[in-house]
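Spelled out from the first residue to the last, the chains are:
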There are 4 protein chains.
Amino acid sequence: LENRWRWIIEWLTPESAHLWYIKKILYSGKTKYQEIDIVETEMGVHLLIDGKTQSTEFDEFIYHESLVHPALLTHEKPSEVLVIGGGEGATIREVLKHNVVEKVTMIDIDDIMIELSKKYLLKWHKGSFNNPRVKLVIADGREFIEKSPSASYDIVILDVTDPTPGSPSNKLYTYEFYKSVYKVLKEDGLMVTQATSTSFSAEVFATIYYTISKVFPITRGYHVFVPSFLSMWGFVIGSKKYDPLTLSEDELKKRILARNLRNLSFYHEGIHRALFAMGKNLLELIEKTKRLSTDQTPVYMPI
Amino acid sequence: LENRWRWIIEWLTPESAHLWYIKKILYSGKTKYQEIDIVETEMGVHLLIDGKTQSTEFDEFIYHESLVHPALLTHEKPSEVLVIGGGEGATIREVLKHNVVEKVTMIDIDDIMIELSKKYLLKWHKGSFNNPRVKLVIADGREFIEKSPSASYDIVILDVTDPTPGSPSNKLYTYEFYKSVYKVLKEDGLMVTQATSTSFSAEVFATIYYTISKVFPITRGYHVFVPSFLSMWGFVIGSKKYDPLTLSEDELKKRILARNLRNLSFYHEGIHRALFAMGKNLLELIEKTKRLSTDQTPVYMPI
Amino acid sequence: LENRWRWIIEWLTPESAHLWYIKKILYSGKTKYQEIDIVETEMGVHLLIDGKTQSTEFDEFIYHESLVHPALLTHEKPSEVLVIGGGEGATIREVLKHNVVEKVTMIDIDDIMIELSKKYLLKWHKGSFNNPRVKLVIADGREFIEKSPSASYDIVILDVTDPTPGSPSNKLYTYEFYKSVYKVLKEDGLMVTQATSTSFSAEVFATIYYTISKVFPITRGYHVFVPSFLSMWGFVIGSKKYDPLTLSEDELKKRILARNLRNLSFYHEGIHRALFAMGKNLLELIEKTKRLSTDQTPVYMPI
Amino acid sequence: LENRWRWIIEWLTPESAHLWYIKKILYSGKTKYQEIDIVETEMGVHLLIDGKTQSTEFDEFIYHESLVHPALLTHEKPSEVLVIGGGEGATIREVLKHNVVEKVTMIDIDDIMIELSKKYLLKWHKGSFNNPRVKLVIADGREFIEKSPSASYDIVILDVTDPTPGSPSNKLYTYEFYKSVYKVLKEDGLMVTQATSTSFSAEVFATIYYTISKVFPITRGYHVFVPSFLSMWGFVIGSKKYDPLTLSEDELKKRILARNLRNLSFYHEGIHRALFAMGKNLLELIEKTKRLSTDQTPVYMPI
């Protein structure tokens, strides 16, 4: 142990934290929007924003596949996809695996983060930023969506940092914002958002779920264990027409083959339904949470 | 933070650890077999054995319900149940909820641990040690099973600490031991064991799975997220006749009602099947792991 | 390291802390006045009050000898000694080594702390609480002194916890209090107080020094390195007549022999003068610090 | 605290460590000889080599003034000075303050460390590397001394990292090496070496002291508290003719003025003698330590 002296102490609550040994520091600095550390830990290359693990080389596939594929496979033919956030480039990497996707528009507020990804996170984006189907726009995600024409996209993917006071992501978890997302989706479109942990911040997850359910006719929450997050990570789908729970394993398998979806490391048709299962305690919390996140009173992480 | 000075540093690997703030120390001492700390953290009363979190007041129900109910519900009429370990008394608490259970024999090696449970862990055992259907024996689990007559039990539940060099649990994860368990089970009996983490020690899980599959005709692995373990926790069922995956939700619901299984906080028929689902990466690891844990070369935790 | 999981994190500032491995917990609880932990670390038995190291088995002699002997040897014939605080009993242990001392009155506010000392800190007090020359009074130190008759003592020793908001020690570092101490001292009497660290809280030390210099004609600051405090620890002598810096090594040696002062482990005549030496930076800080600690605006530790 | 996530855990023993919050990372990398981190902590710019604090912006003056001035002032006219190590450039900075010094030869094994100093540690060297009286040689210190002609220097200053297995400094704390140092010193020359902590590694200090005393007729140990080292730091002077303890304060003051020694922040004539004072416990340890550090059995730090 004496040979290990650089550590990240990632605070989860005021009374618990995780220690990650830093083998090597690749980058550490501030952009206009956030503080970024790219280091090497036992999880491989490890990205932290404002001291919170965003994704790591060894398990980012679990997060990114779980974010992207349930939503895209639920849609019969997702052609136009909008991604807000996802600066590592791994979200668009997964979207591009669907051969039916014709165009991915990616919006990120932080051009420095994109430059750092290009330089240090090749294992994430794998060159996706240069894919001709991708259009990258440096802009505020909320403003971009509000200015977009109605019914422009089949899928909107929200892959932004957790809502905390002062974060640029705050306005991307509110009722007003989801109304705008609804508007830019086509009539059979659907959205998916990361929705924080269902273990450490279950109330935040439930609030996001409730807020989306006030905008979309079909709302489905699901979650997956991401080792470097030390918890089940939650996602919420808001959909105008398609329901991810009515797809059979056979139909899913058919779509996976038809879209030539290769190189999946975590997601498969056999786990799709299980992602949406939750324990009684979480179901009851969701059931009783009736809090709407609004621009006036946005939901925030507990720490 | 300055007001928080007592901490547990729970080492998960040499390069990562978890910090738990200790609000209060209830007990800290050594028995003949292990070092025991019972403290209060943000997880409520928090039990550690040899510096590893065993269970906590706030989430022990997830672990204990997931350990007990899939196995007991898979059996048509579990009448005689043997529990090895489970010193907190919460495993027998869950077993006793099944009104079809006539007798639970509980074996624990450490009488001091049992005394500490009676004194400090009322929220776990809820008086189960005094239940007339329970017979508690202080003994070595392996010796007890080897001396038991054949075909004595419907269910054997193994709820012992992880296999580490020097631990009394070492001989309870081997081929030879599982052969003995097979012998004491009736012809339609089944066993379930905790099987360490499927995230941090997936190779150990896969080895236990493989070893049990060499003894029982039906082997099923499953896992559940336990917040205080910071990971998916694995279990393996070895069964002579019944398969937990052939039960429909309807049949499960019927059995739950028939057995008057009340006060479940996590498990329900809707999550049963999802517990057995795994990502491609874990399925592939299990597929390729062909390591047998034997008395000569037992499997050990990586740290 | 995996075998070490209980730790004290002793915060020195918001940006630095010390980690002490807890081998064993002897006591951990709250009294009416303070939170007390008595544990075993690499420093032997280790006493913390409110999360701050008070003294440890392996180096308490450095602190207690340095607190007591410079003051007592400076006085020609200290007969009546008053000790405020010093609940471990080690301060009176050192005072009693001077055969010229006829009576030691010890005042401590916390009777539980005294009981804990008697039970766990034998190596500190070595039975001194039962010495017939000792009179122990459970009382508020400030009130006791204010009610004492004038000119009662040759020496007053202040051995109380650092001044922090809410601590019972707060009123024992002010101008008004030192005036009362002056009053209860005989015409050739002198006082000594612990005065916090000259490294981590040099401004507090300098403020105490300045405040005492406004009450006593002779004021002398000194300091000594105490390993478990990780810093130089400061003391201030306020004296009506005798000056500790005018004593020659020969005279000190003579007094040590005459008083039959045995079993000293740190202090000796050859180090007396060196204790009062300070670097230019500290001398300059003391020179420029003109802050008076008063009941209205008492001095507090920075953390 | 949640806003502080990058920390150095500096292990002092297997059972204690210090936590330093890293505000900013200036450099982190490996040279051929050592692992170097230059970060910003509450101590300002903070240099660590192999995870051990070497010096910090806020208190390096205490270490460097204490290393250099007692030795140089003890010599009547130090003209030729050899410095081994001292890669930050602060040791030569202090040497150059003596106007009687005509030439300083500095030997460092690690040219990358020197480049890093030039880039990041301006506050240490203050341009000293460019002083015309300085000659910098990148070489192995031991080899350089062994090849140097006899009687070349008035003063040799050894400012190298602590002796640990595998460190390039190992051969710079042995009897054989000190014999070589003796040889290159003029007939009235003297050497000084940093000698590790007199608190945490007092046995190492005592061994270095003993070893030097077997080579030089006059040997003197002294120590000073360096806050960022959390302990008293030791030094040993080996001298052929002059004794640092026979200098009066008046003579020291005269030399300081004559040499136009300005801008001292810690050292002054009034603290010179006090640096050499030690408690009974340390004096007794030195007295009883009869261990010779040799090339065959060199002394090592306990951790």
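Residues numbered from 1 in each chain as written. Chains lettered and ligands numbered in written order. Predicted model: local features only at pLDDT ≥ 70, side-chain atom pairs only at ≥ 80, totals over all residues. Heavy atoms only, no water.

Asker: Would you mind showing me how to read the sheet that holds strand β12 (residues 218-226) of chain C here?
Answerer: Across a sheet, strands are paired by hydrogen bonds formed along the backbone, either parallel or antiparallel in direction. All names here are of chain C. Ordered by their spatial adjacency, seven strands build an open sheet running β9-β8-β7-β10-β11-β13-β12, and the pairing between neighbours is mixed. The sheet is open, and its two borders are formed by β9 (134-138) and β12, each paired with just one other strand. This sheet shows a mean twist of 15 degrees between the axes of neighbouring strands, independent of strand direction. Looking at chain direction, strand β10 (residues 153-159) and strand β11 (residues 185-197) are connected through five bridges and run parallel. Bridge assignment links Ile157 to a residue of β11, and that residue is Val192. (Pairing = 2+ DSSP bridges. Helix = DSSP H or I, 4+ residues; strand = E, 2+ residues; numbered from the N terminus. Axes fitted to C-alpha atoms, helices over the stretch in contact; angles between N-to-C directions.)

Asker: I tried to follow the pattern of salt bridges on my own but got confused; where do I start?
Answerer: Two side chains carrying opposite charge are able to pair once their charged atoms lie near each other. The tally for this structure, following the rule as stated, stands at 64 salt bridges over all chains. Residues Glu60 of chain A and Arg93 of chain A are paired through a salt bridge, measuring 2.8 Å at the closest nitrogen-oxygen approach. Highlighted residues: Glu60 of chain A in helix α1 (residues 60-74) and Arg93 of chain A in helix α2 (residues 90-96), separated in sequence by 33 residues. Taken as a pair, Glu60 of chain A and Arg93 of chain A share a single burial class, namely buried. Between Lys23 of chain C and Glu15 of chain D there is a salt bridge, with the nearest N and O atoms lying 3.3 Å from each other. Pair noted here: Lys23 of chain C is in the loop between β2 (16-21) and β3 (24-30) and Glu15 of chain D is in the loop between β1 (6-13) and β2 (16-21), and the two residues belong to different chains. The class for Lys23 of chain C is partly exposed, based on a relative accessible area of 38%. What emerges from the salt-bridge pattern is a single network uniting Glu60, Arg93, Glu94 and Lys97 of chain A. (Salt bridge = Lys/Arg side-chain N within 4 Å of Asp/Glu carboxyl O. Buried < 20%, exposed > 50% of the residue type's maximum accessible area, 1.4 Å probe, protein only.)

Asker: Would you take a moment to explain the relation of the copies chain C and chain D for this structure?
Answerer: To go from the first copy of the chain to the second, apply a rotation about an axis and then a shift along the same axis. Aligned on chain D, chain C shows an RMSD of 0.0 Å; the corresponding rotation is 180 degrees and the shift along the axis is 0.0 Å. Accordingly, the operation relating the two chain copies is best matched by a two-fold axis. Of the residues that chain C buries at the interface, 100% are likewise interface residues in chain D, meaning the two copies contact each other through the same surface. (Least-squares fit on C-alpha atoms with pLDDT ≥ 70 in both. Contact = heavy atoms within 4.5 Å.)

Asker: How do you make sense of the pairing of strand β10 (residues 153-159) of chain B when you look at a structure like this?
Answerer: In regular strands, side chains alternate between the two faces of the sheet. Residues and elements named next belong to chain B. Here β10 lies mainly inside the structure; seven of its seven residues are buried. Relative to β10, strand β7 (residues 80-85) is paired through five bridges, and the arrangement is parallel. Opposite Val83, over in β10, you have Ile157 as the bridge partner. Crossover connection from β10 via helix α6 (residues 175-184) to parallel strand β11 (residues 185-197): handedness right-handed. (Right-handed = clockwise from strand over helix to strand, strands pointing away.)

Asker: Sorry, what's going on with the relation of the copies chain C and chain B here?
Answerer: Each copy of the sequence occupies a distinct position, and chain C is placed on chain B by a rotation of 180 degrees and an axial shift of 0.0 Å, giving an RMSD of 0.0 Å. Same-surface contact between copies: 100% of interface residues of chain C are shared with the interface of chain B.

Asker: Is there a simple way to explain the interface of chain C and chain D in this structure?
Answerer: You'll often see interface size given as the accessible area lost when the parts meet. With 40 residues of chain C at the contact, the number on the chain D side is 40 residues. The salt bridge partner of Arg4 of chain C is Glu15 of chain D, with a shortest N-O separation of 3.8 Å. At the boundary of chain C with chain D, the tally comes to 22 residue pairs in polar contact (both at pLDDT 80 or more). Contributing elements (two or more residues each) for the side of chain C that touches chain D: β1 (6-13), β2, α1 (60-74), β13 (231-239), α9 (269-275) and α10 (280-288) of chain C. Among the elements that line the side of chain C that touches chain D, the one with the most residues is β2 of chain C, at six residues. Of the residues that constitute the side of chain C that touches chain D, the class distribution is 25 nonpolar, 10 polar and five charged. As judged from the five bridges shared by β2 of chain C and β2 of chain D, these two strands associate in the antiparallel manner. If you follow Trp20 of chain C over to β2 of chain D, its bridge partner there is Ser16 of chain D. (Polar contact = N/O pair within 3.5 Å; in protein donor to acceptor, adjacent residues only side chain to side chain. Nonpolar A, V, L, I, M, F, W, Y, C, P; charged D, E, K, R; others polar.)

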